[in-house]
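Working through the structure, step by step
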Amino acid sequence: DLNSTVAEFKVQLHEKRINADFQIFLTNNTEKTVSNFWAATDTLAAQENNISTKGQLVVNDTKEVFNNAEKMSKEIVDLKLRIQEMAFELDYYGKEHELTPEDMQQKLKKAEEMLRKMEKRKFIPQGISAATESRNAENVLNQTRQFLFPHSAVTSMIPALWAQFGVYKSNLSELQNALNESHRNVIQTQNKNQVNIHRFQETESQQKQLMKEADTVNRTLLKAENILSDTALSISELDNLIKNVSELHAEIDGAKKPLRERMANLSSIDGDIVQRAMDHAQELRRLAENLEADMKNTDANGLVQKALNASNVYNKIVKYISEANESVVATQSETARAVDAIAGIRNQITYQKNKSSGLLEEAKELQKTIEDRTDVAVDRTKYRVESGIRKKERLTEQMSGVISQIKNLPEVGSSRQMMEKARQVAEEALNATVVLRETISPMEMNVKQWTENLRNSEYDSSTYDRAADSARVTVRDLTEIVPQLLDKLRVVEEKPPLSNLSTSIRRIRELIAHSRNVASKVQVSMTFKGQSAVDVRPQTKPEELRAFTSMSLYMSVPPSDQEKQPDRFVMYLGNKNATTDYIGLAIKKDNLVYVYNLGSGEVEVPLNSRPVSTWPTHFSLIRLERIGKYGKIFLTVSSLSSTAEEKFIQKAEAKGSESLLDLHPDNTVFYVGGVPTGFKLPGSLNLSNFVGCIELATLNDEVISLYNFRHIYNMNTTETPPRPRNKLAFTQSRAATYYFDGTGYAVVRNIERRGRFSQVTRFDLEVRTPSDNALLLLMVNESMFFSLEMQNGYLRLKYDFGFSAGPVLLEDNLKKIKINDARYHEISVIYHNSKKMILVVDRRYLKSVENEKKQIPFTDIYIGGAPSDIVSRLRSHLAVEVGFRGCAKGFQFQKKDFNLLEEPGVLGISSGCPEESLLSRSAYFNGESFIASDKPIYPFDTFEGGFTFRTLQPSGLLFSYGEDSERFSISMAGGTIFFTTRGTNLQTFNQYNDGQSHFVIASVKESNCVLTVDDKDLRRTICEKGEEEQTPETARKYYFGGSPKTQYGNFTGCISNAYLTRVDKDIEVEDFQQYVDNVQVSMHGCPIETPPAALRLKQERNSSGYKKGNNKKIKEQKSLTLQVLSSHNPIEKVKTFEGDLHCSSSSMPRAAQHAHQFGGIPNSRQEFNITPSFFSERSHFSIDLKSHLGHGVIFYVSDEEENNFMTLFLAQGRLHYVFNVGHRKLKIRSQGRYNDGQWHNVIFIRDKNKGRLVIDGLIVQEESLSTTDTDWSVTSPFYVGGVHPNKAQKNIQSSSLYSFSGCLRDFKLNGQRISSPSQSFGVIPCFDGPVEAGTYFSAEGGYVLLDNSFHLGSKFEIVFEVHPRASSGILLHTHGTDGFYLNLNMKHGQVIIQLHNGAQEYSTSVTSQLCDSKWHRIAVIRASNVVQLDVDSEVNYVVGPVTPIPSDNKLPIYVGGAPESLLPPNLTVRQSYVGCIRNFMINKVPVNFSKAALVYGAVGIDFCPAA
């Protein structure tokens, strides 16, 4: 290896010289090119200056010419006007006017008469004036004649002037073109100048980089020289060691003779050793068989069985090594190997020394010649030098190993010591549980031969050598394989069988859910021949179809021999009885007909604009829609040759008041193509089975498929294969799109198969979604990761490629581009030069960040989500954990496309992008939010609006339009619905703040105002007339969830599936994404939980109507209601009788002293209402902890605003101690992990601005922060083991914001134990020993309050099993108004059921011995006024008075106890139950206590300690 390395290094050195010369040549050329460029640039600049000067002169001359031309033009115009005036006068006066004789006579007469008059008169003054005027006229005539001469000259000059102007104009055009050309040349010159400057700068930076790398190489060579000198010293030391080894080898050779004598004496040893070994092997075989039989029932995957089978090898190994000869021979063999190894190492050292000297000389020569190197050459040089260093280190390690082996050579002892050592080796081999069968046969043959030789006292060293070698190889194989199997076996042995079973069942359920998810995404049609039917399993819950139903499917109908298509059934979705509440599709009279029935009669919607017989043979898209009682059917016919589409629509309205499709999950069927025998369809759908091809697409935004079926009837896809559909037919872009449903992901394995990570690495993803949060891209490699997320509609990028400074965050802090607007956005992530991350959206730069230079260390990438185990592992780094819900147009890596549906491991993704899935039909309002639209509506005449809402709050504004007297609004007050329009008010009878979905409709028709909720609560009145408006207003906005200014409080809850009678369009479901105003409204998800029934009753009793200003407390009400029931101390209120606490025959489970178990529920905790006066200055806490999980809160305290706080929590197994010092946080994190299931003592101290963390009394960590702000104060309570659901969110990372899962004990403050919590939630004593399934109610007291999904009416059945630890206690309690209650308790061997109907109490009991350390079954069955009590096989019942059942049967159900204030005074048993409960069922529905509304006190829901 060293020879080849040196030779290769010489070749690389030669290449380096060549590359260096070539680089120098390139650098010289570059310098010449740059100098030529600068010279050319200077010449061009001089030419540019000359051209600019000439151009300026031309511009000045041109301006002067234009000025003169303008003056001359004005003078010419003036002269022209004067000439025209004179010409007119000359023309007028120069013409002779012809007169008739009569006119001439008249004129003559007049003239003669005038002359006579003139003769009679004297005109001396006039004569003088006339003479004067004559002279003036002569002067004017002379002036005119003088003026005519220059005018004639000017007139003759005009053509010459126009010609001159043309010349000037052409010269100006040429000058303008020359200027433009010069400007373009200047721009091009500037661009080239910039490019050349950039190249010059790059060349200059490359030269600097090369100089830096050359310095690095020089330093590396100097380091290599030092290493080689150290190697020479090591070689000299090795020579001395070799001499010592040689001397030791000589001593070993001298010891051979005594050893051979000892081996010869072994033949005389009694054969009892062999016999005992064989007997011991037989005994072990018998025990192994017993163990095998015991473990068969718990062997889940055959691993234990294989391990037990492999343990039989022990018998043969014992035979091989039962004599001391093996140890002796092994010693000889190892010695010989050591000698051979030393000789080989000596030769290698000599050879390497010579080569290293040559390498040093070449390195020195290289140092002289290398000055300029490229990045690639420098990297290769580094690699070669580092390879030499690593080889030297490996050689040093080998020498150290040989030396340690020589030093550890066993001393020659007695044969009995050797035999004892061999027995120890055999016992170690017993722990190995796997070996290959083919290794057993040769071992058996060797053992038999060995045994015969021993018995016959015949010794053959070769036989022993072979036996020893075989045993050694086998032991080595076992030691390599067994540890892994032992770890797995240990896991199997430590897990309880029931836990294993429940885990397997849960995993099976997950796999079934995944399988159904995959089946629902199979976008392949089925071919129906007229006898087939498919019973489809709909993914959408029936309650989600109640107010709004939307279904789309693709259908292809073959041509018919008849003129029209025959009538055929297509689809039915509805009740099993098919009498009401259903939707269907059929072909009738050659038309596609949509049928639905909501309870008031059937509605048929025929699509008669396009007969079925005229459809093309390829697939057409059909969509059925219903919002309330308004239905529509859409047909889209595509073209295979273009993107053109034909669209047809038909709509209808159901008669009557019913608007809801009421379906129950157990009574709903979905048949396609036909129905099974025995099912009776409605008359309108009772037709022949379908013939053709059908492919389901969506149902209420959820992708569905025919292949996610419950049953198929007469369907064989092999005989009738599905017909393929063009997936791009209904996409306008004709590009491949994918729909992510939010539950799955796509994964691309070995991403570099399509492209390579390079200097510029690029990921592209084009998405379209209305969701707020989503995980878009994720790559993981151990602790390194890359995540691209969408948080609140904006991008967030976080990654860590092994950076020394930790993860790097890149997010859109300025909120530049919002992604969740239901439009396509192209997202590009570019990693440049392995040190800069760039985020680009819609081809616009968004943001970038630089990091430590690291290559991308990933091979796989997850798109749209990731497996839950990976997401949970990265929870501390991820801002969101939900998958992507929306459409993606494609994923590219290095501009190479990937077909995600063809990648293995795809889950929850389908082809296409259904438009209805991008609608935002639902919105969540937080009490301070609202949305508004400016679309025109007019709600005061012929108007109807409806929507679904869901809330826990009694008050809030749901919908509003207008103000004051012109106001139309729907609101809540006291849980009821108020409808107000122009002074008319309507109010519902019932309350609807129960956390369930309700559908409200408000309408104004024919002077009638109608308010309807859930088709049942109907109010009607005559509308009061206001001022008439002839035309609807368009300037006003209408609001959902509140408004900017209102006397009502804004709504807290969800609104969905809204529709309004609009002026400009038909009735359709509202798309909240298109609204113009959106204030803090989330368009994805509805985080409203179902409240406990008791809380609603308490709210009703305390409710006194709506008060102005309540909206400010809406956010607090949900958390405060839970505190209403937990405001008392369980130790004080839930009393126990100590003298009668324990069952006499049932031992209590063993619990650790002063230790408590946390983690049964997400917020299990203890609260201590103490705040010592000295606490603001300093504190000294200590606590012991034990946990197997790596996250959880141990201690927390803060002020009301949580600005001052102190906390201790676990994150990834490490302890974190954090408190604030002024506005900064002091953080101390442990180096080790403490989630190993062992007890650890933790002390955390705060002394003003100093903190100290002490773990197990050995590890001490201390930190401090300088500050001038010493004011620090907190308020009670102290939280231990967890926090209130609304606390610590800004001070503890989200991954650790859960209760501590494990045990805590000896909680002390300043050395004093704190042991009396004021409140406790889901905390029980920390038990030692085995556990079993169930819920444990500790002696400290507690109870479980079920949610309102379980209720007791006039008929119910409650069944559960108990394992009591005390003889008395409350098992079940429920109460209502008017004194009604039901109580089930046990008292000294009796189980008693007591009922009170409000007027009379009646009861019955069963006597049974429950304190016998066994499980017992208890059942309570009620049918009207008959109540039956079963305890195991004992039965009793009582018949009570016939009384009406309370109207509200959703009464609170308490298990294991009840608050003292809710127990009736006459109840004799008032203490909580102590013991275990399991398999709790109400009306045959299992009750999961982990989903209870409240777990209060010492109740553990995860397990039950065994006695």
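Each chain carries its own residue numbering, running from 1 in the written order of its sequence. Residues qualify for local features only when their pLDDT is at least 70, as the model is predicted, and side-chain atom pairs are given and counted only at 80 or more; totals for whole chains, interfaces and linings, by contrast, use all residues. For the side-chain quantities, the full set of heavy atoms in the structure was used; hydrogens and water were omitted.

**A word on the overall build of the chain**
Which entries qualify depends on this criterion: Comment: elements are numbered from the N terminus, with helices defined as DSSP H or I runs of at least four residues and strands as E runs of at least two. Only protein chains enter the accessibility calculation, which uses a 1.4 Å probe; a residue is then buried when its area is under 20% of its type maximum, exposed when over 50%, and partly exposed in between. Residue contacts are counted whenever heavy atoms from the two residues lie within 4.5 Å of one another. Working definition of accessibility: Shrake-Rupley area with a 1.4 Å probe, residue cover restricted to the visible protein chains.
A tally of regular secondary structure across the chain gives 17 helices and 70 strands. For the chain, the residues scored as buried account for 46% of the 1507 residues in total. Considering only contacts within the chain whose residues lie at least 6 apart along the sequence, 73% involve residues at least 24 apart. In the structure as shown, the chain presents an accessible area of about 78100 Å², 50% of it carried by carbon and sulfur atoms.

**Digging into the pairing of strand S47 (residues 1224–1229)**
Where we set the bar: Strand pairing is assigned whenever DSSP detects at least two bridges linking the two strands.
With 6 bridges connecting them, strand S46 (residues 1214–1221) and S47 associate as antiparallel partners. Each bridged residue has a counterpart across the sheet, and for Val1218 the counterpart in S47 is Lys1227.

**Considering the sheet that holds strand S39 (residues 1052–1060)**
As a reminder, the rule being used: Only C-alpha atoms enter the line fits that serve as axes; for helices the fit covers just the stretch in contact. Angles between N-to-C directions range over 0 to 180 degrees.
Strand order across the open sheet formed by 6 strands is S28-S39-S30-S35-S36-S37, with antiparallel pairing between neighbours. The open sheet has two free edges, formed respectively by strand S28 (922–926) and strand S37 (1017–1022), since each of these has just one partner strand. Each strand of the sheet is rotated relative to its neighbour by a mean of 20 degrees, with strand direction disregarded. Judged from the 6 bridges that link them, strand S36 (residues 1008–1013) and S37 form a sheet pairing that is antiparallel. Across the sheet, the residue bridging to Asn1008 is Ile1022, located in S37.

**Brief notes about the environment of Leu1060**
Locating Leu1060 in the fold gives a position in strand S39. Here Leu1060 is in contact with Phe943, Glu944, Gly945, Phe959, Tyr1038, Phe1040, Ile1067 and Glu1070, once residues within four sequence places are set aside.

**Looking at the side chain of Glu944**
Defined as follows: Polar contacts, as used here, are pairs of N or O atoms within 3.5 Å; protein pairs need one atom able to donate a hydrogen and one able to accept it. Residues neighboring in sequence count only if both atoms are side-chain atoms.
Its place among the elements puts Glu944 in strand S30 (residues 943–950). For Glu944, a relative accessible area of 3% puts it in the buried group. A polar atom in the side chain of Glu944 sits 3.0 Å from the side chain of Tyr630. Discounting residues that sit within four places of it in the chain, Glu944 has contacts with Lys629, Tyr630, Ile1001, Ala1002, Ser1003, Lys1005, Tyr1059, Leu1060 and Thr1061.

**Some points on the confidence of the model for the chain**
Reading predicted coordinates in detail is not appropriate for stretches of low pLDDT. For clarity, the cut-off: The predictor attaches a confidence to each residue, and that confidence, scored 0 to 100, is pLDDT.
Residues at a pLDDT of 70 or more form 71% of the chain, whose mean pLDDT is 76. Under a pLDDT of 50 for its full length, residues 266–270 has, in the predicted model, 4 contacts with residues more than four places off or in other chains.

**Re the state of the cysteines**
This is how it is decided: The definition used for a disulfide is geometric: two cysteine sulfur atoms within 2.5 Å.
What the rule picks out here adds up to 3 disulfides. Residue pairing for Cys1303: its cysteine sulfur links by disulfide to Cys1326, the two sulfurs lying 1.9 Å apart. Across the S-S bond of Cys1303 and Cys1326 the torsion is about 85 degrees, and the bridge reads as right-handed. Residue Cys1303 is found in strand S52 (residues 1302–1309), and its partner Cys1326 is found in strand S55 (residues 1324–1327); the two are separated by 23 residues along the sequence. Taken as a pair, Cys1303 and Cys1326 share a single burial class, namely buried.

**Re the sheet that holds strand S5 (residues 582–588)**
Taken in spatial order, the 7 strands line up as S7-S6-S5-S4-S11-S2-S14 in an open sheet, and their pairing is antiparallel. Sheet topology places strand S7 (602–607) and strand S14 (709–713) at the edges, where each strand pairs with a single neighbour. Direction aside, the axes of adjacent strands within the sheet are offset by 15 degrees on average. Across 6 bridges, the pairing between strand S4 (residues 568–575) and S5 is antiparallel. Across the sheet, the residue bridging to Phe569 is Ala586, located in S5.

**Things to note about the pattern of salt bridges**
In plain terms, the rule: Salt bridge, as used here: a side-chain nitrogen of Lys or Arg that lies within 4 Å of a carboxyl oxygen of Asp or Glu.
Within the structure shown, the criterion is met by 29 salt bridges. For the salt bridge of Arg1165 with Glu1167, the shortest nitrogen-to-oxygen distance reads 2.8 Å. Taking relative accessible area as the criterion, Arg1165 reaches 5% and is therefore assigned buried. Relative accessible area serves as the criterion here: at 6%, Glu1167 is assigned to the buried category.

**Quick notes on a nonpolar patch on the surface**
Counted only if it meets this: Each patch is assembled from residues with relative accessible area greater than 30% and no salt bridge, linking like charges that lie within 9 Å and nonpolar side chains (Val, Leu, Ile, Met, Phe, Trp, Tyr) that lie within 5 Å.
Taken together, the side chains of Phe22, Phe25 and Leu26 make up a nonpolar region of the molecular surface, amounting to roughly 290 Å² of accessible area. Classification of Phe22 as partly exposed rests on a relative accessible area of 47%.

**A closer look at the packing of aromatic side chains**
How we decide: Any pair of Phe, Tyr and Trp rings, taking the six-membered ring for Trp, is counted once the centres come within 6.5 Å. Such a pair is stacked with planes under 30 degrees apart, edge-to-face with planes over 60 apart, and tilted for the rest.
Applying the stated criterion to the full structure yields 54 aromatic pairs. On the basis of an interplanar angle of 65 degrees and a centroid distance of 5.7 Å, the ring pair of Tyr630 and Tyr1059 is categorised as edge-to-face. With Tyr630 in strand S9 (residues 630–638) and Tyr1059 in strand S39, this pair connects stretches of sequence that are 429 residues apart. Side by side, Tyr630 and Tyr1059 carry an identical accessibility label, which is buried.

**Section: the nonpolar core**
Just so we agree on the cut-off: Working definition of a nonpolar core: buried Ala, Val, Leu, Ile, Met, Phe, Trp, Tyr and Cys residues. They are joined through side-chain atoms within 4.5 Å.
Core analysis: the largest hydrophobic core is formed by 45 residues, its most contacted members being Phe763, Phe786, Leu788 and Phe891. Val605, Leu635, Leu661 and Phe670 belong to the second largest nonpolar core, which has 42 residues in total.

**Digging into the pairing of strand S48 (residues 1240–1247)**
Within S48, 6 of the 8 residues are buried, which leaves it mostly tucked inside the rest of the structure. In terms of strand pairing, S48 meets strand S49 (residues 1250–1255) through 6 bridges, oriented antiparallel. Across the sheet, residue Asp1247 finds its bridge partner in S49, namely Lys1250. Here S48 folds back onto S49, and the loop between the two strands holds 2 residues, one of which, Lys1248, carries a positive phi near 55 degrees.

**Observations regarding unusual backbone geometry**
Glycine aside, residues mostly have negative phi, and peptide bonds are mostly found in the trans state. Of the consecutive residues Ser1276 and Pro1277, the connecting peptide bond is found in the cis state with omega at 10 degrees. With a phi close to 50 degrees, Asn1310 is a non-glycine residue in the positive phi region. Residue position: Asn1310 is located in the loop between S52 and strand S53 (1312–1313). Even without glycine at this site, Lys1484 takes up a positive phi of about 65 degrees.

**Observations concerning the side chain of Ser1187**
Looking at the element boundaries, Ser1187 is found in strand S43 (residues 1178–1187). The class of Ser1187 is buried, set by a relative accessible area of 3%. With residues near it in sequence (within four places) discarded, Ser1187 still touches Tyr1234, Asn1235, Asp1236, Gly1237, Phe1300, Ser1301 and Gly1302.

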